[in-house]
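# Descriptive analysis of the structure
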Amino acid sequence: MAVREDDDTSKRIPSPMSMKSLAAPVKSAVDKYQLLPEFLKVRGLVKQHLDSFNYFINCEIKKIIHAKDNERIVSDINPKIYLKFLDIYVESPSVEEDHIREPLIPQRCRLSDTTYAAPVKVDIEYTRGNPIQTEIKKGHVIANMPIMLRSCRCVLYGMDDDELARLGECPLDPGGYFIVKGTEKVLMIQEQLSKNRIIIDTDKKGRVSASVTSSTHERKSKTVIVMEKERIYLQLNQFTKLIPIMVIMKAMGMESDQEVVQMVGRDPRYSGLLLPSIQECASERIYTQYQALEFLEKKVVKSRFTNQKVSPMTILDDVFLANVPVHEGDFYPKCIYVGVMLRRMLEAILNADTIDDKDYVGNKRLELSGQLISLLFEDLFKTMSSAAKKSIDEALTKASRSSSMDISLHLRKDWITHGLERAISTGNWDVKRFKMNRKGMTQVVSRLSFIAALGHMTRIQPQFEKSRKVSGPRALQPSQWGMLCPCDTPEGEACGLVKNLALMTHVTTDEEESPLITLCYSLGVEDMSLLSTEELHSLNSYLVMFNGLILGKHRQPQRFANGMRKLRRAGKIGEFVSVFVNEKQRCVYLASDGGRVCRPLVIADKGVSRIKEHHMKELRDGARVFDDFLREGLIEYLDVNEENNALIALYEGEADSNTTHIEIEPFTILGVCAGLIPYPHHNQSPRNTYQCAMGKQAMGNIAYNQLCRMDTLLYLLVYPQRPLLTTKSIELVGYDKLGAGQNATVAVMSYSGYDIEDAIVMNKSSLDRGFGRCIVMKKVSAVKQAYDRIIMPQMSSGKGGLDSHMQILDTDGIASPGEIVRPHDILINKQSATVSRDQLISHKVLPDSAYKFTPVKHKGTEGETTVVDRVALFTDKDQNMVIKFIIRHTRRPEVGDKFSSRHGQKGVCGTIVQQEDLPFSERGICPDLIMNPHGFPSRMTIGKMIELLGGKAGVSCGRFHYGSAFGEPSGHADRVEVISETLVRHGFSYSGKDFLYSGISGCPLQAYIFMGPIYYQKLKHMVLDKMHARARGPRMMLTRQPTEGRSRDGGLRLGEMERDCLIAYGASMLIFERLMISSDPFQAQVCRKCGLLGYYHDKLKTGFCSTCKSGENVSTMKLPYACKLLFQELHAMNIVPRLQLTEH
Amino acid sequence: MEGISYQRFPKVKIREMKDDYLKFELRETDASMANALRRVMLAEVPTLAIDLVEIEVNSTVLNDEFIAHRLGLIPLTSDRAMSMRFSRDCDACDGDGQCEFCSVEFTLNVRCTSDHTLDVTSTDLRSSDPTICCPVDVAARATAALDPNSAYDPSEQRGIIIVKLRRGQELRLRAIARKGIGKDHAKWSPAATVTFMYEPEIHINEDLMETLTLEEKRSWVESSPTKVFEIDPNTQQVVVVDPEAYTYDDEVIKKAEAMGKPGLVDINAKEDSFIFTVESTGAIKASQLVINAIEILRQKLDAVRLSLDTEECDEQFGELGAHLRGSAV
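Residues numbered from 1 in each chain as written. Chains lettered and ligands numbered in written order. Predicted model: local features only at pLDDT ≥ 70, side-chain atom pairs only at ≥ 80, totals over all residues. Heavy atoms only, no water.

### Concerning the overall build of chain B
For the record, the criterion: What counts as a helix is a DSSP run of H or I of at least four residues, what counts as a strand is a run of E of at least two, and both are numbered from the N terminus. When a residue's accessible area, from a 1.4 Å probe over protein chains only, is under 20% of the maximum for its type it is buried; when over 50% it is exposed; and in between it is partly exposed. For this analysis, residues touch if any pair of their heavy atoms sits within 4.5 Å. Per-residue and other accessible areas were derived by the Shrake-Rupley procedure at a 1.4 Å probe size, with only the shown protein chains allowed to occlude residues.
Per the secondary structure count, chain B includes 9 helices and 12 strands. Residues classed as buried in chain B amount to 43% of the 329 residues present. At a minimum sequence separation of 6, the contacts of chain B that also span at least 24 residues come to 71%. Here chain B has roughly 17600 Å² of accessible surface; of this, 49% comes from carbon and sulfur atoms.

Below is the structure:
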């Protein structure tokens, strides 16, 4: 127990401690809320994306270039001819127009369907000419790389609100996405199991296994050690079968069984478990390294391409545990690694508790845009290099080399440009080198509402398939606390798999390893390679693991960890380096790799917060920023693993002497979407989850530049409001500036019966005054091809006026803004040439007859009056003119439109009632909306009730009330008692109930009515977009049956189940009518003799059977056309269906 | 044969009267009467409001429908609305603004030429006949100008904002105001608030009250969210200071029960006495609003009475018609 000695000595001596606590400074709760806005100022809401991308642009890309395999392109034919990359840098986005380069602005890319991309330049050293001489060329463009908005290369980087506004950008927009071909694309955060870490798990067959997914720049591989029938085997794709682990050990040069046993530990329980494996190896008569390699030789899988076997030594070197480096054939580190794996595995067999939890957040890594793009970039870079090499070789083989050879010209920039653009726009990530083939990596940013777009940036996609019906990965993990939002997850198949980041979460990027490793050694880590196997599990020291690699051992792990932490707090090493002492595994884990989730916490010394009131005052005065807190060691980032070594108090007052950290604000455990809910801690949990999904469908404002955008579909609210009951998250996120809802006075009562099943009753006068009014904007775009022309509206023949559908056209043949459009109105009076391309070239001017009319018409439902809002013209990359129209439609709520409060309580408008019929109070207050009280008991949304109370108090006293999650102790949520007092002060009942009179009779209502303002969202689901009915209409060509679906004006299907009902009921005539008369009736000529279908002979005026060559026995009958079609198709397959007719 | 007459003679007592505010008592009638009056004031007293907008130039940030909707909601002085015609009934025209009987034309022509944001307000609306109809705030300013004693301060009144303009933006339109009623659209409703309450009758059981200590009395008095009761500083007796402040919240009764003194106070609503509060949007004076409402209510009753003798009435109401006529069934 030498290790324990270094622990905090205070822990062990309780009596002086109590004296100390008396002498300790008085704890006063410091309001640390102010740190949050500061945090978000420096980190932002999508900082994880930006950091990751910035890291790629600034560091990773240079590493790729300087990697051993990538740095040079050398010709195979003449090795003297080469090209060497000296440096690479990404510039800021620009566009070349008429040989002038000017900065590219994101808004312009959105409008003109181009890619927001920046040139990637390299400095190269290369040979040229004959005789060969080396030259250096700087600033050679090798690619145009899409740039993430607000990243360090973006033109918007570091701009203030005014400058952003000047560029047509919304200051509240977080960035973090790309613009590719005019569409905004987010690279979704990918969730994965940790790379390069030992994971002990049980597989499907219940076998205990230790697996490592190795990932280095050169190679990705998976090594599994598995216990089967008491024996331990290695499973590797390069070997055909399971290989006994002892054979591997011997092949790596560890010929002595004793050493292996020592590595696992001399405890007889462990060595006993190892015995069958040793025996098996012995029974195979493998004792030496040579024998082992010989044995392995037979098991190697042939390569698919070359059909040759790789030597087992290379496999052991390169593939097997690829993350453990082998220097000059020294396999000792790998042996040690296997030893640790075996030990952990055997431990798991003896004690099932030590099996790793795959769902534990500490075992997960988040892959962000930077990593993903770097993966793709490296692959494309290699392809480009090899293509360049190929073309150089080709050029060299050509006999005549008149012109001097310039290698730099062989670097084609389209490879990377197109590759990146294609991957981001389709979302397909194909990296052949790593056999990676992932789909759906990018998504179009959802611009339904501001919150939807923000929520999209923080979403995390899982890597596993969704269909698996396992509950483990879907369940809420305790380790998610503070890192991932516990509420925000979709319902249905992706439930629990798709997650969202919490408000303060940060995702790390890679950090330089070598200085940290050196530091570890100088802090007293004993190098493993200097230790014997015996010492691997010696009791007096802890193993030190650095990013999954075994560094060595340390005799005073706690002291070592404390030392590292001190250095981190002092800013000597990166703030995101995590130090975690795992006492169970007797290991110290150090991590500096990218993709770990972490969050800031206030450091406390023996329960006393390091942040004092004067710090906060300096912060408020602007003399201090968030980074100062970090630098001075007041705040630090902890990742999920290190959190296990911390005791975190929720509030300062709750801290005791063992507390090491204090939370900044408890509501930061929620994400962006859940942050909108007032009093979420008073609601039933699923309600908050529902609201997280619905908040994304609410209409409101999208961005400050919403009216300058050209989205395919845009829903806006005419009079959006700021919620009366806000939360701190709302203010931090900016929802108070871009709200999506209105404060409605809600009466919770039963009214008229049109409010059952969550339907709501609305006040007609409120609707008249603009409640719930929304604007729907749709985009129509058309391309004018080279052989098209757009002409003035023509006079219609005969009448002399304009054609009725051409009235909105301007003289240039394009509909003008502000005109009212009706269905089938012409938007562009376009004509296309009917002649071929050759003629087009030969004839300069074509006659009018060579054109046919191909107008762009407005498709809309009858009776809907829409307006042309904007018309935009631009030239696309093929130099064609593109015309975009924004068609606007203003809608007032109608029966069937969907509304929802912020508590997962959605409902449709059941009826609209005149104001005079609605109940009123003696103050003259009349509800905008009536909600049925039955919505409450089963939903248990107490938060909604408190919102009503708080809102009512808010309007009466003129102060916005707060309802932040868990905010009551810290004063970020108003308490019901205080709200009630405010209500009473303004003459309302403390309970929020009012005495109402019936608007119909004028008599008082039987009960007091709970009435007050609640923030209501209008959801995008509106009847107008959904209602559909048809009597007659279009039919399908092939079957002559009615078409399907609303968009095609389809029929309503009488399906199998409906048919079954009718059969059971015996309504045969109705079935007949539905399935044939109203669907696809057909008159067929049927031959009574042969039973085949005939045809109607026009000359004979009778039916005629072509098989019997006579018209005598032909009868006419009705049958569904689809039936006739079936017969004919069967005929074609050489099956003869015959109809047998009887008299009826 | 005449039946028993239910005819009553309600009394009205005006308590407070301002241009846009009226508080009066309506006594000796029942809730149906009071409520009918309230409903008519809200929904059936006609006013003028902008109903048709022709936009010539609109380069503002708000779209055409948006501006049209905002224009519609501006209250216009409608003193003559009662005598005007609905444009659908007007034979002389189709409500195109040319006809003085049914419509009034407005024009708006604003362009911002300065660097400051320009507010387009109701004062920019030019009426074809300001004497008949203009935005209420314009009218208020005009009357204030005539009356030197009025408390109206024009600097405080900036008009009703329609839209804000930046440099170079322009709004030019023609709007037609027509007569209408609140039932069709809330913009035609002349009433901001029309509400009534039953007059409460409060009897304090003085004997029981005397059994309370001063402390108890105080806590009982404070249990009411509104200031209905007070303790007389001289006599230390609980007195009713403002019965109408009582909101029928039952708090005092509950409190009395909780104190173990049920029946400490007896509160009843007078079934036949109502206190009305009427606030007008300014389109017509509050007092005129009530008078117009009564007039319209009378017209409606006349219409019923006229139709009582007709054949359709019998079809419609059957026996009820006969009952209405007062004849024995």
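Let us keep going from here.
### Topic: the overall build of chain A
Operational definition: As used throughout, the charge tally considers Lys and Arg to be positive and Asp and Glu to be negative, leaving His and the chain termini uncounted. The atom standing in for a charge is NZ when the residue is Lys, CZ when it is Arg, CG when it is Asp and CD when it is Glu.
When its secondary structure is counted, chain A shows 30 helices and 56 strands. In terms of its C-alpha atoms, chain A occupies a principal-axis envelope of roughly 105 × 95 × 75 Å. Evaluated residue by residue, chain A yields a buried proportion of 54% over its 1144 residues. Long-range contacts, defined here as pairs at least 24 residues apart, represent 69% of the contacts in chain A between residues at least 6 apart. Element-wise, carbon and sulfur atoms account for 53% of the exposed surface of chain A, whose accessible area totals about 52600 Å². Placing the 150 positive and 135 negative side-chain charges of chain A at their respective mean positions leaves the two points 5 Å apart.

### What about a nonpolar patch on the surface?
All names here are of chain A. Spelled out, the test is: Residues with no salt bridge and a relative accessible area higher than 30% make up the patches, which join like charges within 9 Å and nonpolar side chains (Val, Leu, Ile, Met, Phe, Trp, Tyr) within 5 Å. In what follows, salt bridge is the name for a side-chain nitrogen of Lys or Arg lying within 4 Å of a carboxyl oxygen of Asp or Glu.
On the surface, a cluster of nonpolar side chains totalling about 310 Å² of accessible area is made up of M1069, F1072 and I1077. Positionally, I1077 belongs in helix α29 (residues 1068-1077). I1077 gets classed as partly exposed once you look at its relative accessible area, which sits at 39%.

### Side note on the packing of helix α13 (residues 369-397) of chain A against helix α14 (residues 414-426) of chain A
In a pair of packed helices, the angle between the axes and the distance between the axes together describe the arrangement. Residue and element names in this part refer to chain A. To be explicit about the condition: Lines fitted to C-alpha atoms define the axes, with helix axes restricted to the stretch in contact, and inter-axis angles between N-to-C directions lie between 0 and 180 degrees. Crossing handedness is read from the near helix: turned anticlockwise from the far helix by less than a right angle, it gives a left-handed crossing, and turned clockwise, a right-handed one. For this scheme, ten residues count as nonpolar: Ala, Val, Leu, Ile, Met, Phe, Trp, Tyr, Cys and Pro. Four count as charged, namely Asp, Glu, Lys and Arg, and the remainder, Gly too, count as polar.
Contact geometry for α13 and α14: axes closest at 9 Å, N-to-C directions at 145°. For α13 against α14, the interelement crossing comes out right-handed. Where α13 approaches α14, its residues I373, L376, F377, L380, F381, T383, M384 and A387 are matched on the opposing element by W415, I416, G419, L420, A423 and I424. Class assignment of the residues belonging to the contact of α13 with α14 gives a composition of 12 nonpolar, 2 polar and no charged.

### Regarding the pattern of salt bridges
Charged atoms that come close allow side chains of opposite charge to pair. Residue and element names in this part refer to chain A. As enumerated under the stated definition, the model contains 75 salt bridges over all chains in all. R101 is paired through a salt bridge with E96; the nearest N and O atoms lie 3.5 Å apart. The partly exposed category is assigned to R101, whose relative accessible area is 43%. Residues participating in the shared-partner salt-bridge network are R110, E169, D173, E184, R447, R709 and D711.

### Observations regarding the interface of chain B and chain A
Rules: The term buried area means the drop in 1.4 Å probe accessible area that two parts suffer when joined, counted for both and summed.
Contact residues are listed per partner, giving 32 residues for chain B and 41 residues for chain A. Counting the surface lost from both chain B and chain A, the interface buries some 2800 Å², and carbon and sulfur atoms represent 51% of this. The tally of links from chain B across to chain A stands at 2 salt bridges. With a shortest N-O distance of 2.5 Å, R39 of chain B and D917 of chain A are connected by a salt bridge. Listed by contribution, the elements that provide at least two residues to the side of chain B that touches chain A are α1 (31-43), α2 (64-72) and β9 (191-204) of chain B. Looking at the side of chain B that touches chain A, the element that brings in the most residues is α1 of chain B, giving 7 residues. Residues of the side of chain B that touches chain A, tallied by class, amount to 12 nonpolar, 10 polar and 10 charged.

### Remarks on the sheet that holds strand β6 (residues 126-127) of chain B
Residues and elements named next belong to chain B. The condition that has to hold: For two strands to pair, DSSP has to find at least two bridges joining them.
What the 4 strands build is an open sheet, ordered β3-β8-β4-β6; its pairing is antiparallel. Single-partner strands in this sheet number two, and they are β3 (47-58) and β6. Across 2 bridges, strand β4 (residues 103-111) lies against β6 in antiparallel orientation. Across the sheet, F106 pairs through a bridge with S127, a residue of β6. Running at roughly 150° to β3, α2 makes contact with β3 and β8 (170-180) of the sheet.

### Brief notes about helix α16 (residues 514-522) of chain A
All names here are of chain A. What counts is decided by this rule: The reported arc concerns the directions from the helix axis to the C-beta atoms and nothing else.
Within α16, the full set of buried residues consists of L516, I517 and C520. Each buried residue of α16 sits inside an arc of 100° when the element is viewed along its axis, so together they form one side. Set apart from the buried face of α16 by more than 90 degrees, the exposed residues are T518 and S522. Turning to α16, the residues buried within the fold contact β23 (542-546), β24 (549-554), α17 (557-569) and β26 (587-591). Two residues or fewer past α16, G524 is found with a positive phi of approximately 105°.

### Quick word on the side chain of S1115 of chain A
Residues and elements named next belong to chain A. The following threshold applies: Pairs of N or O atoms are called polar contacts if they sit within 3.5 Å, as long as, within protein, a hydrogen donor faces a hydrogen acceptor (for residues adjacent in sequence, only side-chain-to-side-chain pairs).
By the secondary structure assignment, S1115 is in strand β56 (residues 1114-1120). Reaching out from S1115, the side chain makes a polar contact with the side chain of R1088 at a distance of 2.5 Å. The contacts of S1115, once residues within four sequence positions are left out, are A1084, Q1085, V1086, R1088 and L1141.

### Focus on the packing of aromatic side chains
Selection criterion: Each pair of aromatic rings taken from Phe, Tyr and Trp, with Trp reduced to its six-membered ring, is defined by centres within 6.5 Å and is described as stacked if the planes are under 30 degrees apart, edge-to-face if over 60, and tilted in the remaining cases. Charges are assigned to positions over rings by a cutoff of 6 Å between ring centre and Lys NZ or Arg CZ, combined with an angular limit of 35 degrees from the ring normal.
One pass over the full model with this rule turns up 25 aromatic pairs over all chains. Pairing Y719 of chain A with F66 of chain B gives two aromatic rings, centres 5.2 Å apart and planes at 80°, and the pair type is edge-to-face. Of the two residues, Y719 of chain A is situated in the loop between β32 (713-717) and β33 (725-726) and F66 of chain B in helix α2; the pairing between them involves two chains. The exposure class of F66 of chain B is buried, given its relative accessible area of 12%. When the ring of F920 of chain A is compared with that of Y997 of chain A, the centres are 5.5 Å apart and the planes differ by 20°; the resulting orientation is stacked. Note that F920 of chain A is positioned in strand β47 (residues 920-921) and Y997 of chain A in strand β51 (residues 996-997), a separation of 77 residues in sequence. Of the two residues, F920 of chain A and Y997 of chain A, both sit in the buried class. Ring pairs connect the aromatic residues F920, F995, Y997 and Y1008 of chain A together with F24, F196, Y198, Y246, Y248, F274 and F276 of chain B, which therefore count as one cluster. Stacked on the ring of F988 of chain A, the Lys or Arg R923 of chain A has its end atom at 3.9 Å from the ring centre.

### Comments concerning the environment of Y851 of chain A
Among the secondary structure elements, Y851 of chain A is positioned in strand β41 (residues 851-853). Taking the C-alpha atoms as reference points, Y851 of chain A and R789 of chain A, 62 residues apart in sequence, are found 8.7 Å from one another.

### A closer look at the pairing of strand β43 (residues 866-875) of chain A
All names here are of chain A. Most of β43 sits inside the fold, with 7 of its 10 residues counted as buried. With 2 bridges connecting them, strand β38 (residues 820-821) and β43 associate as antiparallel partners. Residue pairing across strands places V821 opposite T866, the latter belonging to β43. The pairing of β43 with strand β44 (residues 881-891) spans 8 bridges and is antiparallel. Bridging from a neighbouring strand, V868 pairs with I887 of β44. From the end of β43 to the start of β44, which pair antiparallel, there are 5 residues, and Q879 there has a positive phi angle of about 65°.

### A word on unusual backbone geometry
Residues and elements named next belong to chain A. Unlike most non-glycine residues, N196 shows phi in positive territory, near 60°. Inspection of the secondary structure puts N196 in the loop between β9 (189-193) and β10 (198-202). By relative accessible area, N196 is classed as buried at 15%. Here M940, not a glycine, exhibits a phi torsion of approximately 55°, which is positive. Here M940 is to be found in the loop between β48 (929-931) and α25 (942-957).

### So, the environment of S114 of chain B
Residues and elements named next belong to chain B. With respect to the element layout, S114 can be found in the loop between β4 and β5 (118-121). For the pair S114 and D91, spaced 23 residues apart in the sequence, the C-alpha separation amounts to 46 Å. A polar contact is formed between the side chain of S114 and the backbone nitrogen of H116, at a distance of 3.3 Å.

### Digging into the confidence of the model for chain B
For clarity, the cut-off: Along the chain, pLDDT gives the predictor's confidence residue by residue, from 0 to 100.
Looking at chain B, the pLDDT average stands at 84 and 88% of residues meet or exceed 70. Taken over the whole predicted complex, pTM reads 0.88, whereas the ipTM for its chain interfaces reads 0.90.

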